[in-house]
Structures are given as C-alpha cells and as structure tokens.
Amino acid sequence: MTTVLANGSENCLAVGTRLSDFEVTGILGEGGFGIVYIAFDHALQRTVAIKEYMPGALAMRGADQSVTMRAERHRDTFNVGLKSFINEARFLAQFDHPSLVKVYRFWEQNRTAYTAMQYYDGRTIKDIVETSPEQISEAWCARIVRQILEALEMLYTMKILHRDVSPDNIIVQENGDAVLLDFGSARQIIGDMTKGLTVILKPGYAPVEQYAGDASLEQGAYTDIYALAAVMYFAILREAPPTSIARMIKDPVAPLRQRGLPGYSDTFLAALDKGLAVLAQDRPQTIAEFRALLGIAAGEAPRTRPAGSTQRFATLERLPATLPAPAPAPNPVAVLAPGAAPRPRARPVARLTVLAAVLLLMAVAGYGWLARAPQSGAAPALAPVPAPAPVIAAEAAKPTVPVPVFITDDVAVPAAAALPETASYKLVLKPWGTVYVDDKERGVSPPLKRLVLPAGKHKIRVVNPEFPDYVTEVVLGKDKTGTIEHDFSATKK
C-alpha cells in the first residue's frame with residue numbers, strides 16, 4: 001500500500017477530511033466498489049488504511065460528503081451491498097492472523113460505511129509482476145503460497161471460502177510476508193443482483209464451478225486452490241491463464257512442468273499444474289493435500305482473537321462440516337455438479353418435498369426473504385446456515401419477494417405455492433453460452449447441462465458475445481424431455 005495517488009475522482013474524500021478519530025492523509029486506491037485511503041488515527045497515534053464503500057456506478061459524493069444515489073432505483077442494490085460490506089468487516093475483525101488483513105474497527109458515516117485496517121507497507125502481486133518481475137523465484141512463490149494457504153486454512157476453520165484470490169488481492173510487504181486482503185463481498189453481491197458475472201468473477205482466476213450462475217456446482221477448498229495456483233501461474237509467466245470456462249472446451253494451457261522454466265523444480269510446477277486442473281475433482285481437495293504436493297511445510301498454527309471479543313458474522317453462508325470432494329465424472333464437458341463426498345446428495349423428489357414444506361411454513365410465518373428479486377424498502381435479512389452453499393454473503397443478504405423456489409439437481413426454478421408440473425431440457429451448446437429463460441439468467445452451459453422448468457411455453461435465449469444470440473421457443477408438456485442444441489462456431493458474427 002505504499003503508492004499514494006496524487007488525485008482521485010470526484011467521489012474521493014479530500015485530504016484532511018475527518019472520519020471519526022481518523023484524518024484522511026492520502027488516497028491509496030480507487031475501484032468500482034470502494035475507495036481506500038491512508039489515514040492517521042488521532043486516538044491511538046498510528047497510520048491506518050481506511051476502506052470506504054462507494055460503488056461508483058450506483059452512487060456519488062454529495063456536497064456535504066455524504067453518499068447519494070445516482071438514481072432511486074439503485075437504492076436497494078446499494079443497501080444490500082452496504083450490509084455485505086459491513087458484515088465482511090465484522091467477520092474479518094474476528095481474526096488475528098499475520099496473513100489475513102487486520103481489521104481494527106468499522107462504522108457507518110456519510111450514509112455509507114468504513115473499515116479501518118492495518119496499513120501494510122508493500123505492493124500487490126500484480127504490481128510486483130508488472131514493475132519488479134526479477135523478484136520472483138520459486139523460493140519467493142513458495143513463501144507466498146505457504147502463507148496464503150495458512151490464511152485460507154484459518155478461514156476454513158469457520159467453514160468459509162474466500163472465492164476472490166487474485167494478484168490484486170494479495171499484498172506482499174517489504175519484509176516478504178504476504179497478506180490476503182478482503183473478500184470483495186460487496187462487489188460479488190452487487191454483481192449477483194445485477195446478473196453481472198463479469199462483475200463477480202475475475203477471468204483467469206475463477207474456476208469453472210464459479211461460472212455456474214447458481215448453486216448447481218459444489219465449491220470447496222479446491223475452488224480457492226485453483227485461484228491461488230492461477231496467481232502463481234501469473235507470477236511466473238507474467239500473464240493470466242485463459243478463463244476456466246474456455247479451457248473446458250479445448251484447453252490451450254501447456255503444463256508448467258513441460259515449459260522448461262529455469263529455476264523452478266518439477267515438483268513445484270507439477271503441484272501448480274494439479275491445482276490448475278479444469279475439473280474440480282482433478283485438483284487437490286484440501287489445503288493439506290496441496291501443501292504436500294508443493295513440498296511446503298505448514299507454518300505456525302493460526303491465531304484467533306479470544307471468543308466474545310467481537311460480534312459473530314451472522315450473514316455468512318457456511319460450508320458443510322467437511323469440505324466436499326467432487327465425485328469423478330466420465331465426460332468433462334457434460335459435468336454439472338461434482339458430488340459432495342462424504343455428504344450424500346438428497347433425492348430430487350425428497351428435496352422438493354422437504355423444501356416445499358419448509359418454505360410454506362416460512363411463508364405463513366411472514367418471512368419474505370426467500371426469493372431473489374429486490375423489494376422496494378425491504379431490509380435484507382440475516383441468512384440461515386445452509387449446508388451446501390459456500391458463498392460469502394451473497395444469496396443470504398438479498399432483499400427478496402416471497403416466491404417459493406424449488407431446487408432440482410441442476411437449477412433452481414421459481415414456482416407457485418404448489419408443486420408445479422415440470423419438464424426438462426438437455427443443453428448441448430458449443431463452445432459455451434449463457435442461458436436465459438424468459439429473460440432470466442439460468443447459468444452458463446457448459447457446465448450447466450439441464451434445465452428443469454414449469455410446463456408451458458418458454459422463450460430460450462443463449463448468449464455468447466462472440467456470436468449472434470441463439471433464440472428459440474419451446475412448449476413443454478408435463479414430464480416431457482427435449483434437447484436444446486446449438487453450435488455457435490457454425491455461425492458468423
């Protein structure tokens with residue numbers, strides 16, 4: 001965080017602005033969802049970094065320094081992102097680990113929120129690769145990987161995935177120690193609400209299971225392992241790997257071990273290759289397994305603050321008690337959902353019946369937070385602790401309308417209060433496409449391989465930005481099946 005910007009946008013607070021006990025002394029960085037300042041803590045006489053929640057596409061700075069909406073229609077989305085920002089700070093404040101960003105305090109002011117964090121004298125991996133690539137060696141990479149794995153392992157003790165490991169989210173201090181920064185949960189949830197996968201995901205670092213667009217693919221430690229291996233790929237080759245979704249069709253990535261990279265051992269490169277496997281079940285399933293492949297010894301045991309010193313982060317969706325290991329799949333392109341072992345998957349009919357009963361009881365009790373569309377003026381509710389959803393403050397924090405959702409093996413389908421008559425369509429799309437049903441996004445295929453829809457007439461639109469959209473209409477009868485097949489590469493832009 002050593003580089004201080006001379007000037008920021010009109011959304012940045014001026015140098016000298018007071019925020020509680022802190023005085024802004026400079027601007028460290030500005031992104032689409034927040035601004036980071038360097039500030040002086042007058043109460044404790046120390047320099048800190050302060051992150052301000054400021055989604056520039058939704059809000060702007062008012063004359064009185066407060067944050068105002070660019071349009072009233074953005075208010076619900078802004079408020080959900082704000083709650084996620086605060087919840088993430090509350091969660092991180094529980095930890096005192098040398099490789100996890102240290103949060104001192106968080107508060108609301110100027111109609112937005114702020115987080116005061118430890119100021120780290122260092123640069124991100126992205127900056128180092130761009131300006132000082134000569135620093136990078138196997139020993140340097142191994143040290144970074146070991147420390148970030150320890151940080152991830154600490155998160156996993158709380159059954160939480162990070163899901164945002166990338167070169168600009170890891171800072172390397174002047175002493176060589178690495179720190180894993182925030183989750184970017186506000187960015188993730190705003191992108192999720194606006195159906196913007198390009199907002200949520202960082203191409204090259206997001207594994208294929210994060211492209212599903214719903215909970216149809218399990219995520220686990222192997223999700224963060226892919227991202228960390230991709231960061232090391234970037235550090236070594238100075239370029240990001242191709243997107244995982246593109247690699248599913250025809251993988252252009254030559255194994256690092258076969259590239260004859262001077263100064264790097266076959267053992268280390270082979271472990272990174274394993275971590276970069278396209279399919280989740282082909283990667284190391286645990287931190288311990290990945291660490292063993294790398295030949296890296298574990299460091300000190302993670303440290304946490306004493307219990308009760310901070311408020312528990314209530315809106316995180318937890319992982320299962322045991323991180324799921326995906327079951328092998330015979331067809332890489334057709335894979336949809338790696339099975340969660342050892343936890344057996346429930347039968348679709350049983351899941352539908354149980355979930356419908358629970359949703360009905362909740363509806364009667366007045367809980368209007370089960371579906372996805374925002375309600376004007378509705379406050380986001382705290383999430384329950386679902387077993388299979390490893391998403392940081394995403395679905396749980398959305399303001400919603402009370403429409404039951406029936407969960408199938410492949411996709412969540414909005415339904416009426418009673419069990420609907422359904423039909424299914426198999427998806428065979430080449431090379432890939434984002435699938436919309438009646439103008440609502442259902443996910444990316446592959447890996448999505450099947451749609452389960454209420455019987456009736458539906459408009460299907462498949463989008464691949466490199467080609468013209470494919471649009472068709474289907475009429476589905478009860479319990480009928482069919483196939484939606486399209487080869488984009490056979491058409492011209």
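The structure presented is a predicted model; accordingly, all values stated were derived computationally and were not measured. (Residues numbered from 1 in each chain as written. Predicted model: local features only at pLDDT ≥ 70, side-chain atom pairs only at ≥ 80, totals over all residues. Heavy atoms only, no water.)

A count of helices and strands for the chain gives 10 helices and 20 strands. When burial is assessed residue by residue, the chain has 52% of its 493 residues classed as buried. At a minimum sequence separation of 6, the contacts of the chain that also span at least 24 residues come to 62%. Only carbon and sulfur atoms are counted for the fraction: they give 55% of the accessible area of the chain, which is about 21,500 Å². (Helix = DSSP H or I, 4+ residues; strand = E, 2+ residues; numbered from the N terminus. Buried < 20%, exposed > 50% of the residue type's maximum accessible area, 1.4 Å probe, protein only. Contact = heavy atoms within 4.5 Å. Areas by Shrake-Rupley, 256 points an atom, 1.4 Å probe, with all protein chains shown as cover.)

The next point concerns the sheet that holds strand 10 (residues 170-173). The strand order 9-10-11 describes an open sheet built from 3 strands, whose pairing is antiparallel. Each edge of the sheet is formed by a strand with only one pairing partner; in this case those strands are strand 9 (122-124) and strand 11 (178-180). Here the average twist between neighbouring strands, direction ignored, is 25°. (Pairing = 2+ DSSP bridges. Axes fitted to C-alpha atoms, helices over the stretch in contact; angles between N-to-C directions.)

Taken as a whole, the chain shows an average pLDDT of 74; of its residues, 68% reach a score of 70 or greater. For the stretch residues 301-419, pLDDT sits under 50, and the model shows 245 contacts to residues farther than four places along the chain or on other chains. (pLDDT = per-residue confidence, 0-100.)

It is the contact of helix 6 (residues 221-237) with helix 8 (residues 266-275), at a shortest axis distance of 8 Å, that shows an interaxial angle of 130°. Between helix 6 and helix 8, the angle is such that the two are oblique. Crossing geometry of helix 6 relative to helix 8 is assigned as left-handed. Residues Ile225, Tyr226, Ala229, Met232 and Ile236 of helix 6 touch helix 8, and the partners they reach there are Phe268, Leu269, Leu272 and Gly275. (Parallel < 35°, antiparallel > 145°, perpendicular 65-115°, else oblique. Left-handed = near helix turned anticlockwise from the far one by under 90°.)

With that settled, consider helix 6. Given a rise of 1.5 Å per residue, 17 residues ought to cover 24 Å, and the 24 Å separating the end C-alpha atoms of helix 6 matches this to within 8%. With 16 of 17 residues buried, helix 6 lies mostly within the body of the structure. (Expected span 1.5 Å × (residues − 1).)

The side chains of a regular strand alternate, residue by residue, between the two faces of the sheet. Within strand 4 (residues 46-53), 6 of the 8 residues are buried, which leaves the element mostly enclosed by the surrounding structure. Strand direction decides the pairing type here: strand 3 (residues 34-41) and strand 4, joined by 8 bridges, are antiparallel. Bridging across to strand 4, Ile35 finds its partner in Glu52. Between strand 3 and strand 4, which pair antiparallel one after the other, the connecting turn spans 4 residues, and Gln45 there sits at a positive phi close to 55°.

Unusually for a residue other than glycine, Gln45 sits at a positive phi of about 55°. As for its placement among the helices and strands, Gln45 is situated in the loop between strand 3 and strand 4. Positioned with a positive phi, Arg238 is a non-glycine residue whose angle comes to about 65°.

Okay, the nonpolar core next. Counting 67 residues, the largest nonpolar core has Ile125, Trp140, Ile144, Leu152, Ile170, Leu272 and Leu294 as the members making the most contacts within it. Counting residues per element, the ones that place at least two in this core are helix 1 (75-92), helix 2 (125-131), helix 3 (138-156), strand 10, strand 11, helix 6, helix 8 and helix 9 (287-294). No other element matches helix 6, which puts 13 residues into this core. Ignoring any residue separated from it by four or fewer positions in sequence, one finds Ile125 in contact with Trp140, Ile144, Pro167, Ile170, Val172, Val231, Met232 and Phe234. Grouped together as the second largest cluster of nonpolar side chains are 25 residues, Met54, Ala59, Trp107 and Tyr114 included. (Core = buried A, V, L, I, M, F, W, Y, C linked by side-chain atoms within 4.5 Å.)

Our focus in this paragraph is the pattern of salt bridges. Where charged atoms of side chains with opposite charge meet at close range, the side chains can pair. Using the criterion set out here, one finds 14 salt bridges in the structure. Linking Asp96 and Lys102 is a salt bridge whose minimum nitrogen-to-oxygen distance equals 3.7 Å. In this structure, Arg461 engages Asp469 in a salt bridge whose closest nitrogen and oxygen atoms are separated by 3.6 Å. A relative accessible area of 42% places Asp469 in the partly exposed class. The network of salt bridges with common partners includes Asp164, Asp168 and Lys202. (Salt bridge = Lys/Arg side-chain N within 4 Å of Asp/Glu carboxyl O.)

Moving on, we get to the environment of Tyr37. Turning to its location among the elements, Tyr37 is positioned in strand 3. Between the C-alpha atom of Tyr37 and that of Gly26, which follows or precedes it by 11 residues, the distance is 5.7 Å. With residues up to four places along the chain from it excluded, the contact list for Tyr37 reads Asn11, Cys12, Leu13, Val24, Gly26, Ile27, Leu28, Val48, Ala49, Ile50, Glu52 and Arg61.

Right, let's get into helix 3. Helix length check: helix 3 (19 residues) gives 26 Å between terminal C-alpha atoms against 27 Å at 1.5 Å per residue, within 8%. Extensive coverage of helix 3 is indicated by the burial of 15 of its 19 residues.

As for its position among the elements, Asp41 is in strand 3. Asp41 sits in the buried class, given a relative accessible area of 4%. Here the side chain of Asp41 touches Ala43 through a polar contact of 2.9 Å, landing on its backbone nitrogen. Among the polar contacts made by the side chain of Asp41, one reaches the main-chain amide nitrogen of Leu44 at a distance of 3.2 Å. Once residues lying within four places of it in the same chain are set aside, the contact partners of Asp41 are Asp21, Phe22, Arg46 and Val48. (Polar contact = N/O pair within 3.5 Å; in protein donor to acceptor, adjacent residues only side chain to side chain.)

The interhelical angle for the contact between helix 8 and helix 9, taken along N-to-C directions, is 150°, at an axis separation of 7 Å. The angle between helix 8 and helix 9 falls in the class roughly antiparallel. Residues Thr267, Phe268, Ala271, Leu272, Lys274 and Gly275 of helix 8 touch helix 9, and the partners they reach there are Phe290, Leu293 and Leu294. Its residues placed into classes, the contact of helix 8 with helix 9 shows 6 nonpolar, 2 polar and 1 charged. (Nonpolar A, V, L, I, M, F, W, Y, C, P; charged D, E, K, R; others polar.)

Moving on, we get to the sheet that holds strand 15 (residues 433-437). In a beta sheet, neighbouring strands pair by backbone hydrogen bonds and run either parallel or antiparallel. The antiparallel open sheet is built from 4 strands, whose spatial order is 16-15-18-19. Each having just a single partner strand, strand 16 (440-445) and strand 19 (470-476) make up the two edges of the open sheet. Neighbour to neighbour, the strand axes of the sheet diverge by 25° on average, direction disregarded.

A few words on the packing of aromatic side chains. Tallied over the full model, the rule gives 6 aromatic pairs. Ring centres of Tyr53 and Phe85 lie 5.7 Å apart, and the angle between their planes is 40°; this geometry places the pair in the tilted category. Taken together, the residues Tyr53 in strand 4 and Phe85 in helix 1 connect sequence positions 32 residues apart. With relative accessibility at 0%, the residue Tyr53 sits in the buried group. (Phe/Tyr/Trp six-rings, centres within 6.5 Å; stacked < 30°, edge-to-face > 60°.)

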